[in-house]
Amino acid sequence: MSSSEINQLTDNVEKLSVTESTTPATTEESPAPESQQNEILSSLYVGELDPSVSESELYEIFSAIGPVSSIRVCRDAVSKQSLGYAYVNFQNRTDGEKALEELNYAEIKGRPCRIMWSQRDPATRKNGSGNIYIKNLHPDIDNKTLHDTFSSFGNILSCKIATDANGNSKGFGFVHYDNDESANEAIENVNGMLLNDLEVFVGPHILKKDRESKWQELVENFTNIYVKNFSTEWSKEDLEKLFTPFGKITSFYLATDENGNSKGFAFINFENHEDASKAVESLNNTEYDGKVLFVGRAQKKRERVEQLKQQHEAVKQEKISKYQGVNLFVKNLDDSIDDEKLREEFAPYGNITSVIVMKDESGKSKGFGFVCFSTPEEATKAINEMHQRIVESKPLYVALAQRKEVRRNQLSQQIQARNQMRMQQAAVQNGMGQFVAPVFYGQNFMPPMSAGVRGGPFPGAPNPMMMQQGGPRPGQGMPQFGANGQPVSVYVQPVFNDYQQQGRIQQQQQQQQQQRYYQNRPIQQQQQQQQQQQPRKGKDENLAQNIAHLPFEQQKNVLGNEIYQKIVDSHKVEDASAIGKITGMLLTMENQQIIASLENDELFNNQLNEALKAYQSYKNDEATAPAEESTEAPVAESN
């Protein structure tokens, strides 16, 4: 092989090495490898976009400059909402330069866009080279004005004013040059100049980690002090006279209102740290003119907020640990119970450190309060003795006090467990073919109306909750039939987004399930149970012991029989159907509350009267509801 051929081969190898080293790896955003380098040189970043701007709208704007190879609006991975910026790739760099010159800061849907060359290498943006920081800017200065002001010192890669959520300037911004020489020239010429009658500060941008370390150094060697709680009659001369003996003061600021009156605080900056530290030690917590001065190191707002958060969290954790296991929550209090009465009820069980009944703005009791004991043993004893005890005709609920977020989590878990249990009970008692689980839709979803189903999905639509709970799949559903063998219509309750309405619907479903049980019992079984319950004297006293060993469902059955007979004996309800429904309503209470009401005739009568009112309201609502119902139950269509 000749020397010329060897040299030619060497040149080809070097060219190939340079091409491979300067060409980045192909990504999802990158074009084909042969045109990738040119694509990077002609790729533009377009920021400050309205979230509604789409790729097609950007194409109409940028294709007028030259051939566009691709446009991509960056979106959130989950919500798919625009992030407010996009990338526009031209086929050649000349068109990119033209677009940068003509379209930068042009308005797109009422917002001036911000265009710069795309920087694929994050190290270029994060190393801080050529980046300067400008503060004390006038609110009227925008991105374009800032760009025009600093463009005379070199090629600007990016320029931005920091804004708040409403788009208003925060008074500072950044300008990024492509080299350090241009940045240094801008700092030398613009720092200290007046822009819109405000003297601006221009300096090199310091990375966050460097600012943190520098801030720690400033904290340890502070010279600026903050003074408050002095008389508003003091003047600047009075303060200077007080602080001058500690060292040379370089600056002084006394806060005043619009009328020039002192606000009672000031900032004093000493020449060195030793003088400032000595002034803090000597004057802090000293009394002048009947007021105790506060003198301390001046802090940034961010530092003060963070310090207050830490103090608040520390106090919160201290309270939690201090009152853990000794503070009791008491509810279902009678309106006549005040702090003293509540203390008397709990005093036999230990040393009470504090007690309070919560009241509204008018001073009326809210029906709950707190009792705090000195030891966890005393609190536990009070819970065991006072929980479900009748005080002023009401059974108390007593438990350890918990934080709001803990209670919410526990209630959420309890509601889910109860709903699951209710669906399983309904499946066992009535068959899944007769049980319609609630359907939950999204916040903005409105179930379509149908002639066959009021407020529910269209006929034949599969029920997602039924499919999750193991109910009939589409094609397996069976129509419902009444006692006469005729198909009956199904009324699907509309589901609201309000949790209170959802809970009301679920409670009505449970009541209907329990009512069906009592309404459909054979008459002979009812008579036999009534005969067995005739000798009732002394039975209520042992009712809790008699049902303690029974499963939960059997306990409910026994209590239901007791409630049913007691309603019959009261002669307040004549309709047998209404007795069964009201029995189901009263059964929704906890077993201990049911037993307490069965033992106390006055309490039972109050609860019965409330149930009668609720039942009558339910009947009135049912009478005024639209009567449009299908004569035939919808049948799920097969897939």
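Please refer to the structure placed before this passage.
Remember, it's a predicted structure, so these values are computed and weren't measured experimentally. (Residues numbered from 1 in each chain as written. Predicted model: local features only at pLDDT ≥ 70, side-chain atom pairs only at ≥ 80, totals over all residues. Heavy atoms only, no water.)

Colleague: For this particular structure, what's the right way to read the packing of aromatic side chains?
Modeller: Tallying each qualifying case throughout the model produces 18 aromatic pairs. Look at tryptophan 234 and tyrosine 288: their rings are 6.1 Å apart centre to centre, the planes differ by 75 degrees, and that puts the pair in the edge-to-face class. With a gap of 54 residues between them, tryptophan 234 in the loop between strand S13 (224-228) and helix H9 (236-243) and tyrosine 288 in strand S16 (residues 287-288) connect regions that are remote in the sequence. Given a relative accessible area of 13%, tryptophan 234 falls into the buried group. With a relative accessible area of 29%, tyrosine 288 lands in the partly exposed category. An aromatic cluster of at least three residues, connected via ring pairs, comprises Tyr226, Tyr253, Phe265, Phe267 and Phe294. The lysine or arginine in question, arginine 93, covers the ring of tryptophan 117, its NZ or CZ lying 4.1 Å from the ring centre. Lying across the ring of phenylalanine 201, lysine 135 places its NZ or CZ 5.2 Å from the centre. (Phe/Tyr/Trp six-rings, centres within 6.5 Å; stacked < 30°, edge-to-face > 60°. Helix = DSSP H or I, 4+ residues; strand = E, 2+ residues; numbered from the N terminus. Buried < 20%, exposed > 50% of the residue type's maximum accessible area, 1.4 Å probe, protein only. Lys NZ or Arg CZ within 6 Å of the ring centre and 35° of its normal.)

Colleague: Help me understand the pairing of strand S21 (residues 365-373) in this model?
Modeller: Taken together, the five bridges between strand S19 (residues 327-331) and S21 define a ladder with antiparallel strand orientation. Residue pairing in the sheet places asparagine 327 in a bridge with cysteine 372 of S21. Note that strand S20 (residues 352-359) and S21 share six bridges and pair antiparallel. Bridge pairing in S21 places valine 355 opposite valine 371. The hairpin formed by S20 and S21 contains five residues between the paired strands, and glycine 363 there has a positive phi angle of roughly 90 degrees. (Pairing = 2+ DSSP bridges.)

Colleague: Help me understand the sheet that holds strand S18 (residues 294-297) in this model?
Modeller: Adjacent strands of a sheet pair through backbone hydrogen bonds, lying either parallel or antiparallel. An order of S14-S15-S13-S18 is seen for the four strands of this open sheet, with the pairing classed as antiparallel. Unpaired on one side and paired on the other, strand S14 (249-256) and S18 mark the two borders of the sheet. Each neighbouring strand pair of the sheet contributes to a mean axis angle of 20 degrees, computed without reference to strand direction. Here S14 pairs with strand S15 (residues 262-270) via six bridges, running antiparallel. When the sheet's bridge partners are listed, phenylalanine 252 is paired in S15 with isoleucine 268. With respect to the sheet, H9 is in contact with S13, S14, S15 and S18, its orientation differing from that of S14 by roughly 140 degrees. (Axes fitted to C-alpha atoms, helices over the stretch in contact; angles between N-to-C directions. Contact = heavy atoms within 4.5 Å.)

Colleague: What should I look at first to understand the sheet that holds strand S1 (residues 43-47) in this one?
Modeller: The strand order across the open sheet built from four strands is S2-S3-S1-S6, with neighbouring strands paired in antiparallel fashion. A single partner strand is all that each edge strand has here, and the edge strands are strand S2 (68-75) and strand S6 (114-117). Across the sheet, the axes of successive neighbouring strands diverge by a mean angle of 20 degrees, strand direction being ignored. Across six bridges, the pairing between S2 and strand S3 (residues 82-90) is antiparallel. Looking at S3, one finds that arginine 72 is bridged to tyrosine 87. The sheet strands contacting helix H3 (residues 55-62) are S1, S2, S3 and S6, and the helix crosses S2 at an angle near 140 degrees. Sitting on the sheet, helix H4 (residues 93-103) is in contact with S1, S3 and S6, with an inclination near 150 degrees to S6.

Colleague: Teacher, can you tell me more about unusual backbone geometry here?
Modeller: Where the residue is not glycine, phi is negative for most of them; where a peptide bond is considered, it is trans in most cases. If you check the backbone angles, tyrosine 105 has positive phi at about 70 degrees while not being a glycine. For tyrosine 105, the location among the structural elements is in the loop between H4 and strand S4 (107-108). Judged by relative accessible area, which is 12%, tyrosine 105 ranks as buried. A positive phi angle, near 65 degrees, is found at asparagine 229, a position not held by glycine.

Colleague: Whenever I open this one, the packing of helix H19 (residues 552-570) against helix H20 (residues 576-586) confuses me. Can you help?
Modeller: Helices that pack against each other are described as a pair by the angle of their axes relative to one another and the distance between those axes. Interaxial distance between H19 and H20 falls to 9 Å at its minimum, and their mutual angle equals 135 degrees. By the angle class used here, H19 and H20 are oblique. The handedness of the crossing between H19 and H20 is right-handed. Residue-level inspection shows Gly560, Ile563, Tyr564, Ile567 and Val568 of H19 in contact with H20, the latter providing Ala576, Ile579, Gly580, Ile582, Thr583 and Leu586. When its residues are assigned to classes, the contact of H19 with H20 shows eight nonpolar, three polar and no charged. (Parallel < 35°, antiparallel > 145°, perpendicular 65-115°, else oblique. Left-handed = near helix turned anticlockwise from the far one by under 90°. Nonpolar A, V, L, I, M, F, W, Y, C, P; charged D, E, K, R; others polar.)

Colleague: I'm lost on the nonpolar core in this one. Help?
Modeller: Within soluble globular proteins, side chains that are nonpolar tend to cluster in buried spots. By size, the foremost hydrophobic cluster in this structure holds 21 residues, and its most contacted members are Leu559, Ile563, Ile567 and Ile582. Elements supplying a minimum of two residues to this core: helix H18 (543-548), H19, H20, helix H21 (591-599) and helix H22 (601-624). Leaving out residues up to four positions away in the same chain, leucine 559 has contacts with Leu543, Ile547, Leu587, Asn591, Ile594, Ile595 and Leu598. (Core = buried A, V, L, I, M, F, W, Y, C linked by side-chain atoms within 4.5 Å.)

Colleague: Can you help me understand the pattern of salt bridges in this one?
Modeller: Working definition: two side chains of opposite charge can pair if their charged atoms are close together. In total, this model carries ten salt bridges according to the counting rule given. Close ionic contact of arginine 111 with aspartate 50 constitutes a salt bridge, the shortest N to O distance being 4.0 Å. In this pair, arginine 111 sits in strand S5 (residues 111-112) while aspartate 50 sits in the loop between S1 and H3, placing the two residues 61 residues apart along the sequence. According to the relative accessible area criterion, arginine 111 is partly exposed, its value standing at 39%. We classify aspartate 50 as buried; its relative accessible area is 19%. In this structure, arginine 93 and glutamate 97 form a salt bridge, with 3.3 Å as the shortest nitrogen-oxygen distance. Linking arginine 93 with glutamate 97, this pair stays in helix H4, spanning four residues, or about one helical turn. For arginine 93, a relative accessible area of 32% corresponds to the partly exposed category. Here the salt bridges do not stand alone but share partners, grouping Glu48, Arg114 and Lys160 into one network. (Salt bridge = Lys/Arg side-chain N within 4 Å of Asp/Glu carboxyl O.)

Colleague: How should I be thinking about the packing of H19 against H21 in this particular structure?
Modeller: Closest axis-to-axis distance for the H19/H21 pair is 11 Å, and the angle between their directions is 25 degrees. Classified by the interaxial angle, the pair formed by H19 and H21 is roughly parallel. Read as a crossing pair, H19 and H21 show a hand that is left-handed. Two secondary-structure elements touch here, H19 through Phe552, Gln555, Lys556, Leu559, Glu562, Ile563 and Lys566 and H21 through Asn591, Ile594, Ile595, Ser597 and Leu598. In terms of residue class, the contact of H19 with H21 is built from six nonpolar, three polar and three charged.

Colleague: Where do I start with helix H6 (residues 143-150) in this structure?
Modeller: Three- or four-residue spacings in an α-helix give side chains the same orientation, since the helix completes a turn every 3.6 residues. Within the span of H6, buried status applies to Asn143, Leu146 and Phe150. For H6, the arc enclosing every buried residue in end-on projection is 70 degrees, short of the 170-degree limit, so these residues lie on one face. If you follow the buried residues of H6, they end up packed against S6, strand S7 (131-135), strand S8 (156-163), strand S9 (169-177), helix H7 (180-190) and strand S12 (201-204). (Arc of directions from axis to C-beta.)

Colleague: Could you clarify how one ought to interpret the environment of glycine 130 in this entry?
Modeller: Considering the arrangement of structural elements, one finds glycine 130 in the loop between helix H5 (122-126) and S7. Between the alpha carbons of glycine 130 and asparagine 179 there is a distance of 5.0 Å; along the sequence they are 49 residues apart.

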